[in-house]
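One-letter residues, chain by chain:
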Amino acid sequence: AVLPVKFTKAKRDKLAQLLWVLNWVSVVTGIILFSLGVFLKVEINKRQDLMAERQLQSVPNMLIAVGLIACGINFLGGKICYDCVDTSKFLRWKLVMLPYIICTFFFTLSILVGGLMCYSLHGQLEESLTLGLHDAMRYYKDTDTPGRCFLKRTVDLMQIQFQCCGNEGHRDWFQIQWISNRYLDMSRPKGVDRLRSNVEGKYLMDGVPFSCCNVNSPRPCIQYQITNDSAHFNYDYQTEELNLWIRGCRQALLDYYTDILHSVGLTVLIIWLFELSVLMGVRYLQTALENVWRRGDPECESEGWLLETSFVATARTNFNIIKNLGKFNQINTASNGDPNIDRPSTAHYGPDKVPPKSIPIAS
């Protein structure tokens, strides 16, 4: 057996009582998993307009489902362990405990997968933010277009809250038209020439929205003609530190969500270790009570284990069971593949298909 432990009657009762308490604690951890999933879902939905669709909801949805299932499984586990304090009540759960342990084992693996997914979501999150911010900035000027009229406010609040500017940096605003045509003076030749000079007919300039301004800067914000040194007093674009937010919003949002995901992932992994330890305790209790039932003496000392045989032998046995599952309904086609090879022949039967009676031989 793997990791065998001997239990007296008193130790079995204490183990059952302890597992009853731990299963109720596990119900609380299930509620925590559910709450973490809801929190992560809300945080993603708050800025879903700045993200492209990249299956980011899979992690919070999984945590919500795992949390709800954990509450149900651990509630049942608490009931089982409470009844197992009395050895005579073990018989009502004897056929249920092993399937319960197997199901709980695979459920515990799903908790581990959910925790690891929190760490593996970085690449999808970065790609989603890059594409989503690019589209949000492109539609920044469309304040009169239904479905896009709120994007200007969303982008401005994001740049103010996260102290960032553009996608990669403030220069991203130089490459798009972010001022609506309704605010452009087309009566001035300079504005018309600027539109005509661009192949795509966009009004491009070296300026950024007001939300890019650094509120901690001692001088007034320079948000227009940023690259023109002569347009501002005592200003050198190449050497002076700009009074704009330097960091791009993609990196700012990526750092924000990465911190959240890592914190959630660490919490989920700690819960997984706790659930695994409870599962091991239930397995010890089940095998110890099985051995008591076999001996027929509720007061005797019994041995509990994690596996009755070694890991290799257990894996080989389970593999053979799975391999033979589909063979029960198969016809024996041995002996040249004839399924009727073992049936008696009717070639010498009478007209009524009744085998002839053997004639007794006189001794």
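Residues numbered from 1 in each chain as written. Predicted model: local features only at pLDDT ≥ 70, side-chain atom pairs only at ≥ 80, totals over all residues. Heavy atoms only, no water.

> Help me understand the overall build of the protein chain, please; the structure alone is not making it clear to me.
Counting secondary structure elements, the protein chain contains nine helices and two strands. When its helices and strands are written in sequence order, the protein chain yields β-α-α-α-α-α-α-α-β-α-α. Split into buried and exposed, the 363 residues of the protein chain put 39% on the buried side. Partitioning the intrachain contacts of the protein chain with sequence separation of at least 6 by distance along the chain shows that 72% fall at a separation of at least 24. Carbon and sulfur atoms provide 60% of the accessible area of the protein chain, an area that totals close to 21700 Å². (Helix = DSSP H or I, 4+ residues; strand = E, 2+ residues; numbered from the N terminus. Buried < 20%, exposed > 50% of the residue type's maximum accessible area, 1.4 Å probe, protein only. Contact = heavy atoms within 4.5 Å. Areas by Shrake-Rupley, 256 points an atom, 1.4 Å probe, with all protein chains shown as cover.)

> What is the right way to read the state of the cysteines from this model?
Note on terminology: a disulfide is the covalent bond linking the sulfur atoms of two cysteines. Evaluated as defined, the whole model comprises three disulfides. Across the disulfide, Cys165 is cross-linked to Cys212 (sulfur-sulfur distance 2.2 Å). Taking the sign of the S-S torsion, about 85° here, the bridge from Cys165 to Cys212 comes out right-handed. One end of the pair, Cys165, is in the loop between α5 (151–161) and α6 (189–197); the other, Cys212, is in the loop between α6 and α7 (249–295), with 47 residues separating them in the sequence. The pair formed by Cys165 and Cys212 is uniform in burial state, with each residue classed as buried. (Disulfide = S-S within 2.5 Å.)

> Sorry if this is basic, but what is going on with the packing of helix α2 (residues 58–83) against α7 here?
The axes of two packed helices give the description: the angle between them and the distance between them. One can describe the packing of α2 onto α7 by two numbers: an axis separation of 12 Å at closest approach and a directional angle of 25°. Between α2 and α7, the crossing angle belongs to the class labelled roughly parallel. Like other packed secondary-structure pairs, α2 and α7 cross with a definite hand, here left-handed. Residues Leu63, Asn74 and Cys81 of α2 form the contact with α7, whose participating residues are Val264, Val268, Glu275, Val282 and Leu285. Here the contact of α2 with α7 is built from residues that sort into six nonpolar, one polar and one charged. (Axes fitted to C-alpha atoms, helices over the stretch in contact; angles between N-to-C directions. Parallel < 35°, antiparallel > 145°, perpendicular 65-115°, else oblique. Left-handed = near helix turned anticlockwise from the far one by under 90°. Nonpolar A, V, L, I, M, F, W, Y, C, P; charged D, E, K, R; others polar.)

> What am I meant to see in α7 here?
The periodicity of an α-helix, 3.6 residues per turn, causes residues three or four places apart in sequence to face the same way. In this model, α7 (47 residues) spans 69 Å end to end at C-alpha, consistent with the 69 Å of a helix rising 1.5 Å per residue. At the C-terminal side of α7, Gly296 shows a positive phi close to 80°. (Expected span 1.5 Å × (residues − 1).)

> Looking at this structure, how should I read the side chain of Ser302?
For Ser302, the location among the structural elements is in strand β2 (residues 302–304). Taking relative accessible area as the criterion, Ser302 reaches 2% and is therefore assigned buried. Within the local environment of Ser302, its side chain forms a polar contact with the backbone oxygen of Ala288, the two atoms lying 3.1 Å apart. (Polar contact = N/O pair within 3.5 Å; in protein donor to acceptor, adjacent residues only side chain to side chain.)

> Looking at this structure, I do not really get the UniProt feature "transmembrane region" (unreviewed entry) in the protein chain. What am I missing?
If you check UniProt for "transmembrane region" (unreviewed entry), the listed places come out as residues 18–39, 59–77, 98–122 and 260–285 in our numbering. Overall, residues 260–285 shows 100% helix and 0% strand. The separation of its end C-alpha atoms is 38 Å. (UniProt positions renumbered as here; feature names shortened; annotations may be inferred.)

> Would you mind showing me how to read α5 here?
Here α5 has its buried residues at Leu151, Val155, Asp156, Met158 and Gln159. Buried residues in α5, looked at end-on, bunch into an arc of 160°, giving them a common side. For α5, the exposed residues set more than 90 degrees away from the buried face come down to Arg153 and Gln161. Buried residues along α5 sit against α4 (122–138) and α7. Directly beyond the C-terminal end of α5, a positive phi value near 50° is found at Gln163. (Arc of directions from axis to C-beta.)

> I'm lost on the pattern of salt bridges in this one. Help?
In a structure, side chains of opposite charge can pair up when their charged atoms sit close to one another. All chains considered together, the criterion is met by eleven salt bridges. The salt bridge partner of Glu43 is Lys46, with a shortest N-O separation of 3.2 Å. One end of the pair, Glu43, and the other, Lys46, are both in helix α1 (residues 9–46), three residues apart, so they sit about a helical turn from each other. On the accessibility criterion, Lys46 (49% relative accessible area) is partly exposed. A salt bridge links Arg138 to Asp135, with the nearest nitrogen and oxygen atoms 3.1 Å apart. (Salt bridge = Lys/Arg side-chain N within 4 Å of Asp/Glu carboxyl O.)

> How should I be thinking about a nonpolar patch on the surface in this particular structure?
Together, Trp20, Val21, Trp24, Val25, Phe75 and Tyr82 make up an exposed nonpolar region whose accessible area comes to about 580 Å². Of all the elements in the fold, those that place two or more residues in the nonpolar patch are α1 and α2. Broken down by element, the nonpolar patch gets its largest block of residues, four residues, from α1. Its location among the elements puts Phe75 in helix α2. (Patch = residues over 30% accessible without salt bridge, like charges linked within 9 Å, V, L, I, M, F, W, Y side chains within 5 Å.)

> Teacher, can you tell me more about the packing of α1 against α2 here?
It is at 7 Å that the axes of α1 and α2 come closest, and there the two elements cross at 165°. By the angle between their directions, the pair α1 and α2 is classed as roughly antiparallel. Crossing angle aside, the handedness with which α1 passes α2 is left-handed. The class makeup of the residues in the contact of α1 with α2 is 22 nonpolar, nine polar and one charged.

> Mind showing me how you'd approach the packing of aromatic side chains here?
In this description, an aromatic ring pair is defined by two values, namely the gap between the centres and the angle between the planes. Within this structure, the stated rule accounts for ten aromatic pairs. Centre to centre, the rings of Trp20 and Tyr82 are 5.7 Å apart; their planes meet at 45°, and the pair counts as tilted. With Trp20 in helix α1 and Tyr82 in helix α2, this residue pair connects regions lying 62 residues apart in the sequence. Ring-pair connections join several aromatic residues into one group, and the members of that group are Tyr140, Trp173, Trp178 and Tyr224. Between Arg148 and the ring centre of Tyr139, over which it is positioned, the NZ or CZ distance is 3.7 Å. (Phe/Tyr/Trp six-rings, centres within 6.5 Å; stacked < 30°, edge-to-face > 60°. Lys NZ or Arg CZ within 6 Å of the ring centre and 35° of its normal.)

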